[in-house]
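What the coordinates show
If you want the building blocks of each chain, they are given just below.
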Amino acid sequence: MASGFNFPPPTGAPNVNSSTPLRPYYGSPLDSPLQQYYQHTSQLEEELSHHSELNSQEAARELLSYGMIKYMTLAIATPFENAQTLLQVQYLPNDDGAISSGNDDSRAAEERRDEEFRRAQEEAEEEEYFNSGSGSGGYYSSNPRRGASAEDFPASRSSANRLDPSAAVFHERKDIDQSGYLIRADLYDEDSRPTFQLAPIEGGVWKTVTGLVKHPTEGWFSLWKGQYTNWVYEILHLFAQPTLEATLNDTFDLYDDTIPLVHLDRFGPNMATMVTSHLVVGLILSPLELVRTRLVVQTADPAQRKYTGMLNCISTIISEEGVSALWGGVNLVPTVLYHTLTPLIANSIPLVIDRVFNISASDSPLLFSIAELGLETLDLLIRLPLETVRKRLQIQIQAKIPGKRYETVIETRKRPYAGVIDCVYKIIQEEGGQHKRLSGKKSDDGEVSFVDRPWYSSWGVRGLYTGLGMHLTSNLAMFAVGAVTNLQDDGDDW
C-alpha cells in the first residue's frame, strides 16, 4: 500500500526522482517551485562560501603586504630614531665634564661612604703589604681595579733596587665603587672609558649614526636595534586602537569614528573616546616601548650586552624587577602623560585652526599650512621633553634580584631619577651649562679648551630638546611640499 507513494526524505527536501500522478510537480525538478527554492538556496550558500574564502585569502594577502611595507618603512626611519634615542638619554654634564651624582645631601652622604670605603681599602692594602713576607708574593696595589696584574707593580720587598716608594705608581690612585668598578670622575677621560662605549656625542643625529657605524663593537647592524620590537608594537597598535575606539563609539551611540572631528558639531565625546582608546592601548603595549628603548641603548658587544632580544628582555625584566616593572614604577606617569597628550594635541590642531583661527583648508590652504606648522612646532616643544624624560626613566633598572650589569653604548646618568619632576629638574640643573668641553683635547699647557654652546643652553633646557632640529627640518620639508602642491592646484584651477 505504501509502495505507491514516495515520501520526502528526512531532511525535508523533496524526492526529485519520484513520479506519481498524485503529485505531478514532483516528477520534474524544473517544474517544482519548492525544488527551485532549495536549489537557489544551495547555490547561494555555495557562492557565499566561495566568496568568503576569497575575501579571507584577499584579506590575508593584504595584511601580509601591509606588514612587509610597514617593516620596510620602519627600516628606513629606525637608524635616525635610534640615534635620537641615544642623544636623548646621553648624559652630558655642565662645563668640566664632571659626572654628577645627585643633590648636595645625597652627594655628601655618598662621598662619606666612598671615603670610608677607600680608607678601609687602603688599610687592608697596607696591612697585607707589611704582613706579607719576601717569598710570599705579596704585592702592593694602590689601584685595585679589575684586570690589574702583578706585572703592573713591584715584584717583591726583597727587590730593593726596583722598590721605590717615591715612584708615581705608588701615588697614583683611581676611585672605585664598592663593587670594584672604576668611578669615572670625567666622562671625557678616554683612559677610563670602556671600549664598548662611544665618546660623548656633541653633534646631531647624523654624527651619532656615523659614530655607531665606525665603532668596532657596534657597526651597521646596531642602527636597526629594536626594529622588530617596534614593528610588533606598530602592528598591534594599528589593529587594537581603531577597534577599541569603534567599540566605544558604538557603546555610547556616537558618530562613526571615520568622520573627521572638524566636521562634527559636538566633537567632545568623539575626542574623549579617541584619547581613551589611545591611552588604554598605549598602556597595554607600553612594555614593548620599554623593551625597545633598552635594546637600543645597550651595547652591541656580545660579552657585555644584557638582553639578547625582545622575549629575552621581557623575561629578564620579570625575573629581576618583577612583572610590575613592565607597566608600573617610575614609568607609569610618563606613559600616561605621553599617550594622553600626544593624540590629544595632534587631533586638536585642525580644530583650533578651523574654529579658533577661522581658517579653512579649502578656502585658504596656504594660511592653513602656516598655522598648522606653527601648532606642530608647539607640539614638539611640549612632546620632546616628555619623550626625553620617559626614555631616561625606561633605562633605569631597579632590580630586586641582582643580574648582569646593564652596559650602555653611550654615557648615562648613574644615579637614578626619582620621577618626572626630578628628571626634568636634574637635566636643567646638571646639563644646562653655557659651555661645553671638547672631547678630552687639551692645549700644550694642559688647559682644557671650551667652546660656546647654542643660545638655548643658557636657559638650561638643552638636554630636554635633543633632536629638535631634525623634527623642525622634517616639518619645514612637509610644509614646503604642501605649499608647492597648493600652488599647483591653484594654477590648474586658472
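Since this is a predicted model, take the numbers as computed values, not measurements. (Residues numbered from 1 in each chain as written. Predicted model: local features only at pLDDT ≥ 70, side-chain atom pairs only at ≥ 80, totals over all residues. Heavy atoms only, no water.)

**As for the overall build of the protein chain**
A tally of regular secondary structure across the protein chain gives twelve helices and two strands. Helices (α) and strands (β) of the protein chain occur, in sequence order from the N terminus, as α-α-α-α-α-α-α-α-α-α-α-β-β-α. Sequence separation of 24 or more characterises 69% of the internal contacts of the protein chain that already satisfy a separation of 6 or more. (Helix = DSSP H or I, 4+ residues; strand = E, 2+ residues; numbered from the N terminus. Contact = heavy atoms within 4.5 Å.)

**With respect to the packing of aromatic side chains**
Under the criterion given, the structure shown has three aromatic pairs. Between tyrosine 71 and tryptophan 231 the ring centres are 5.8 Å apart and the planes differ by 80°, which places this aromatic pair in the edge-to-face class. Of this pair, tyrosine 71 sits in helix H1 (residues 33–89) while tryptophan 231 sits in helix H5 (residues 227–251), and the two are 160 residues apart along the sequence. Aromatic rings pair up to connect Tyr71, Tyr228 and Trp231 into one cluster. (Phe/Tyr/Trp six-rings, centres within 6.5 Å; stacked < 30°, edge-to-face > 60°.)

**Some thoughts on the packing of helix H6 (residues 268–297) against helix H7 (residues 310–321)**
Viewed as axis vectors pointing N to C, H6 and H7 meet at an angle of 105°, and their least axial separation amounts to 10 Å. As summarised for this structure, H6 and H7 are arranged roughly perpendicular, according to the angle between their axes. Contact residues: H6 offers Leu288, Leu290, Val291, Arg294 and Leu295, while H7 offers Met310, Cys313, Ile314, Ile317 and Glu321. Classifying every residue of the contact of H6 with H7 by side-chain character gives eight nonpolar, no polar and two charged. (Axes fitted to C-alpha atoms, helices over the stretch in contact; angles between N-to-C directions. Parallel < 35°, antiparallel > 145°, perpendicular 65-115°, else oblique. Nonpolar A, V, L, I, M, F, W, Y, C, P; charged D, E, K, R; others polar.)

**Looking at the environment of alanine 83**
Among the secondary structure elements, alanine 83 is positioned in helix H1. Residues alanine 83 and valine 297 lie 214 residues apart in sequence; the distance between their C-alpha atoms is 9.5 Å. With sequence-adjacent residues up to four places away left out, alanine 83 is seen in contact with Val205, Thr208 and Val209.

**Observations regarding the nonpolar core**
Counting 30 residues, the largest nonpolar core has Leu86, Ile317 and Ile410 as its most contacted members. Those elements giving two or more residues to this core turn out to be H1, helix H4 (205–214), H5, H6, H7 and helix H8 (324–327). Those residues in contact with isoleucine 317 that lie beyond four places of it in its chain are Leu290, Arg294, Tyr307, Gly322, Ala325 and Leu326. By size, the runner-up hydrophobic cluster in this structure holds twelve residues, among which are Leu380, Leu384, Val420 and Ile427. (Core = buried A, V, L, I, M, F, W, Y, C linked by side-chain atoms within 4.5 Å. Buried < 20%, exposed > 50% of the residue type's maximum accessible area, 1.4 Å probe, protein only.)

**A short note on the confidence of the model for the protein chain**
Of all residues in the protein chain, 63% have pLDDT values of 70 or greater, and the mean over the chain is 77. Within the protein chain, no element has a lower average pLDDT than strand S1 (residues 435–442), which sits at 49, and none a higher one than H6, at 96. Every residue in residues 134–161 scores below 50 in pLDDT, and together they form 41 contacts with partners more than four places removed in sequence or on other chains. (pLDDT = per-residue confidence, 0-100.)

**Concerning the layout of surface pockets**
The space that makes up the second largest pocket amounts to roughly 1400 Å³. For the lining of the second largest pocket, the secondary-structure elements that each account for two or more residues are H1, H5, H6, helix H9 (332–356), helix H10 (365–394) and helix H12 (468–493). By residue number, the principal contributor to the lining of the second largest pocket is H10, which donates eleven residues. Looking at side-chain class alone, the lining of the second largest pocket contains 17 nonpolar, 16 polar and twelve charged residues. (1 Å grid on protein atoms, 1.4 Å probe; cavity = no way out; pocket = protein on both sides within 12 Å on 5 of 7 lines; lining within 4 Å. Points joined across faces, edges and corners; volume = space filled by probe spheres on them.)

**Focus on the pattern of salt bridges**
According to the stated counting rule, one finds eleven salt bridges in the structure shown. In this structure, the salt-bridge partner of arginine 292 is glutamate 81, at a minimum N-O distance of 3.0 Å. Residue arginine 292 is found in helix H6, and its partner glutamate 81 is found in helix H1; the two are separated by 211 residues along the sequence. Arginine 292 sits in the buried class, given a relative accessible area of 17%. The partner of arginine 294 in a salt bridge is glutamate 321, and the shortest N-O contact between them spans 2.8 Å. A residue pair is termed long-range when its members are at least 10 positions apart, and arginine 294 in helix H6 and glutamate 321 in helix H7 qualify at 27 residues. For the pair arginine 294 and glutamate 321, one class covers both residues: buried. One continuous salt-bridge network, built from bridges that share partners, spans Asp379, Arg383 and Glu387. (Salt bridge = Lys/Arg side-chain N within 4 Å of Asp/Glu carboxyl O.)

**Re the environment of tyrosine 338**
Assignment of secondary structure puts tyrosine 338 in helix H9. Residues tyrosine 338 and arginine 390, 52 residues apart in the sequence, show an inter-C-alpha distance of 8.4 Å.

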